[in-house]
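# Coordinate inspection notes
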Amino acid sequence: MSTVDLEIGGMTCASCANRVERKLNKLDGVTATVNYATEKARVSYGDGVGTAQLIEAVESAGYTARVPQPAPSSTGSSDDGEPAADPVRTMRDRLILSAVLSVPVIVLAMVPAWQFDYWQWLSLTLAAPVVLGAGFPFHKAAWTNLRHGAATMDTLISMGTLAALGWSVYALFWGTAGMPGMTHPFEITIARGSAAGEIYLEVAAGVTTFILAGRYFEARSKRRAGAALRALLELGAKEVSVLRDGVEVRVPADSLAVGDHFVVRPGEKIATDGVVTEGASAVDRSMLTGESVPVEVGAGDEVAGATVNAHGRLVVRATRVGADTQLAQLAQLVEDAQSGKAEVQRLADRVSGIFVPIVIGLAVATLGFWLGTGGGAATAFGAAVAVLIIACPCALGLATPTALLVGTGRGAQLGIVIKGPQVLESTRRVDTVVLDKTGTVTTGTMTLVDVVAVPGVADEDVLRLAGALEDASEHPIARAVADGARMRLGSLPGVEDFRNVEGLGVQGVVDGHGVLAGRPRLLADWSVSLPSSLVEAMSEAEAAGRTAVAVAWDGAARGVLVVADAVKPTSAAAIARLRGLGLTPILLTGDNEATARSVAREVGISEVVAEVLPADKVDVVKRLQHEGKVVAMVGDGVNDAAALAKADLGLAMGTGTDVAIEASDLTLVRGDLHAAADAIRLSRRTLATIKGNLFWAFGYNVAALPLAAAGLLNPMLAGAAMAFSSVFVVTNSLRLRRFRAAA
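Residues numbered from 1 in each chain as written. Predicted model: local features only at pLDDT ≥ 70, side-chain atom pairs only at ≥ 80, totals over all residues. Heavy atoms only, no water.

Bringing the environment of A688 into the picture now. Structurally, A688 can be placed in helix α25 (residues 673–709). Classification of A688 by relative accessible area gives partly exposed; the value is 48%. Distance from A688 to L424, taken between C-alpha atoms, is 9.4 Å for residues 264 residues apart in sequence. (Helix = DSSP H or I, 4+ residues; strand = E, 2+ residues; numbered from the N terminus. Buried < 20%, exposed > 50% of the residue type's maximum accessible area, 1.4 Å probe, protein only.)

So, in structure tokens, the structure goes:
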């Protein structure tokens with residue numbers, strides 16, 4: 001199967017999207033999802049189908065389709081040099097023209113005292129350009145759909161406004177409404193009157209203006225909603241200084257190739273993902289991960305494109321370019337999520353797909369009922385038009401995609417990538433969170449956590465001599481000791497006669513002292529015994545699942561260094577927040593029971609599952625699910641991938657492996673458990689917004705349709721309320737832009 005994203009043109013409402021989707025899905029071997037908010041179709045198709053057939057199918061439904069083109073240049077010009085048309089600006093100009101002409105028509109109709117002789121003819125002169133000119137897109141779309149045997153929201157709008165205009169023209173030319181001195185009051189309820197004396201020009205012009213306003217604010221809001229993704233794509237550097245034969249050459253960033261060495265000066269953006277080969281600096285990764293504190297990097301450290309070099313000159317070797325970079329993959333994940341549909345959206349699509357024919361039938365039935373019961377043509381006509389206009393469920397089509405668009409965009413800004421809309425459904429039901437220990441709750445690297453010296457010996461002396469000796473070794477425990485010593489003391493002295501004793505430790509000469517560091521057995525081989533205080537310190541460390549290194553020099557034991565996989569500083573507070581969200585945390589690890597219990601106590605977790613193999617992690621998730629729990633899994637390693645995929649909700653640390661990220665539902669770009677709590681909060685908030693939007697859209701139509709059919713709702717007010725409904729839904733969704741991560 002191949003997958004392509006098509007840009008769909010000509011859609012004006014949710015039922016348009018539903019029609020295009022149905023047309024594409026009728027093709028053999030094609031599965032399509034059309035998103036009205038993003039105006040894109042995500043299409044999967046087999047070997048027997050090509051993009052030309054897909055485009056042809058869309059066009060046969062009365063819409064346009066094309067494969068997405070590269071973004072326009074910064075000049076905003078099209079390929080032929082002409083300025084690119086801005087659809088939002090065109091819509092705004094149409095709205096302004098409509099409003100200027102409509103206001104006098106509405107005011108004259110509402111204030112009988114201002115109805116001078118022949119005021120009705122002035123109203124016709126002003127209203128006709130609004131309905132036929134400014135409202136032309138509605139009529140064009142309705143006609144296009146009619147030719148293809150379909151009806152959409154535009155059909156309702158076009159029928160309603162043209163009916164109001166046509167009735168008014170009839171009453172003016174062939175009825176009594178065109179007589180000099182004619183007046184009629186503006187009423188909220190529709191009263192029985194003379195059919196030939198009623199005009200609805202204020203309805204025709206007002207509804208057109210209100211709906212244009214709704215469409216304009218909707219389009220502008222959709223543009224704002226997609227701003228997060230566009231901002232992500234624009235984060236990258238535009239130019240870069242590449243080293244060619246030792247000389248810096250400025251070239252466009254998109255011309256970089258894997259293996260190129262490039263220079264990043266203080267304050268510049270790093271052009272692409274790579275590895276530092278020279279220099280040291282702090283890198284601000286906030287735009288990519290949401291971390292507020294710059295991260296120190298040096299030779300051998302990986303850096304990501306679009307992050308900012310805070311100080312110092314770096315030389316970086318490019319390892320990933322173009323679509324392979326972290327930034328590009330993050331943007332792709334966000335766009336994939338925005339193109340999908342949650343279950344609640346599929347329900348809304350099904351409803352909107354059958355809604356229009358039902359509404360047209362209801363309008364005809366309303367007209368027939370009022371005429372049949374002697375209510376008068378004016379009453380019957382007004383009620384039928386009100387039904388057509390009030391029923392337009394544009395808000396229904398916008399309820400889910402706009403909230404999803406804003407929520408996923410805001411998540412991307414905070415370093416939270418929601419992979420698909422179905423994820424939102426899972427976050428609401430999750431009650432248990434399984435946390436991998438190494439790399440998730442802990443840092444995943446050995447760290448010096450304690451120094452115990454015998455009486456009369458300074459901790460600094462133990463650190464200095466043992467740190468210098470261990471600095472000559474590549475063992476992970478030795479690296480932890482050396483790095484910890486250097487961090488606390490600064491520089492370390494040199495070592496002579498260094499020797500690694502396999503499985504026991506290291507020995508050598510530092511500052512004239514013969515130093516030993518390792519297991520107690522290494523010291524015993526040199527006839528050095530541990531005093532009781534150090535024996536006790538080693539026993540306590542091992543009971544807590546930590547590693548203890550005995551240190552001796554000049555024939556006597558001097559101290560013990562304790563090394564462990566340190567708990568991340570934010571883990572305890574983040575787990576408390578997860579509890580506050582109603583989740584029960586469980587620590588899951590392949591480490592021994594003592595180590596796991598020690599970490600669990602430190603972060604406030606009571607339930608621990610230790611000494612499990614990767615396959616056993618999946619079994620633990622299955623067992624919890626069989627017990628009726630809805631499980632979220634947070635992990636970062638290859639050994640977590642299967643469990644992440646099996647869990648109801650998988651959250652991968654973005655600092656982990658690509659396999660884990662691929663298997664998860666949510667990716668946390670920051671390697672911080674606070675991001676897990678923020679991700680669940682954001683997902684739940686987005687889902688709540690979608691449900692609030694749907695309640696408003698459904699409730700509005702259900703409550704208003706009977707009022708319109710009963711003749712209790714003026715058509716112009718119906719149009720204003722319908723337009724407000726769409727604007728309300730989009731504005732409600734935009735509130736998600738104010739979502740804040742925990743401090």
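Within this structure, the stated rule accounts for four aromatic pairs. Here F173 and W174 contribute two aromatic rings whose centre-to-centre distance is 5.9 Å and whose plane-to-plane angle is 50 degrees, an arrangement assigned as tilted. Clustering of aromatic rings is evident, with ring pairs tying together W121, Y170, F173 and W174. (Phe/Tyr/Trp six-rings, centres within 6.5 Å; stacked < 30°, edge-to-face > 60°.)

Across five bridges, the pairing between strand β8 (residues 273–278) and strand β13 (residues 314–320) is antiparallel. Within β13, the position partnered with E278 by the bridge is V315. Pairing analysis gives two bridges linking β8 to strand β11 (residues 302–303), with the strands arranged antiparallel. Note on β11: the bridge partner recorded for V275 is E302. (Pairing = 2+ DSSP bridges.)

The next thing to look at is the UniProt feature "transmembrane region" (unreviewed entry) in the chain. Mapped onto the present numbering, the UniProt feature "transmembrane region" (unreviewed entry) falls at residues 95–115, 121–143, 155–179, 199–217, 351–371, 377–400, 693–710 and 716–734. The span residues 121–143 shows a helical share of 96% and a strand share of 0%, and its end C-alpha atoms are spaced 28 Å apart. What you have in residues 693–710 is 94% helix and 0% strand, and the ends, taken at the C-alpha atoms, are 26 Å apart. (UniProt positions renumbered as here; feature names shortened; annotations may be inferred.)

Looking now at the sheet that holds strand β18 (residues 505–510). Spatially, six strands are ordered β16-β21-β20-β19-β18-β17 in an open sheet, and the strand pairing comes out antiparallel. Bordering the open sheet on either side are β16 (442–453) and β17 (496–501), each of which pairs with just one other strand. Strand-to-strand twist in this sheet, taken as the mean axis angle between neighbours without regard to direction, amounts to 20 degrees. Across six bridges, the pairing between β18 and strand β19 (residues 513–518) is antiparallel. (Axes fitted to C-alpha atoms, helices over the stretch in contact; angles between N-to-C directions.)

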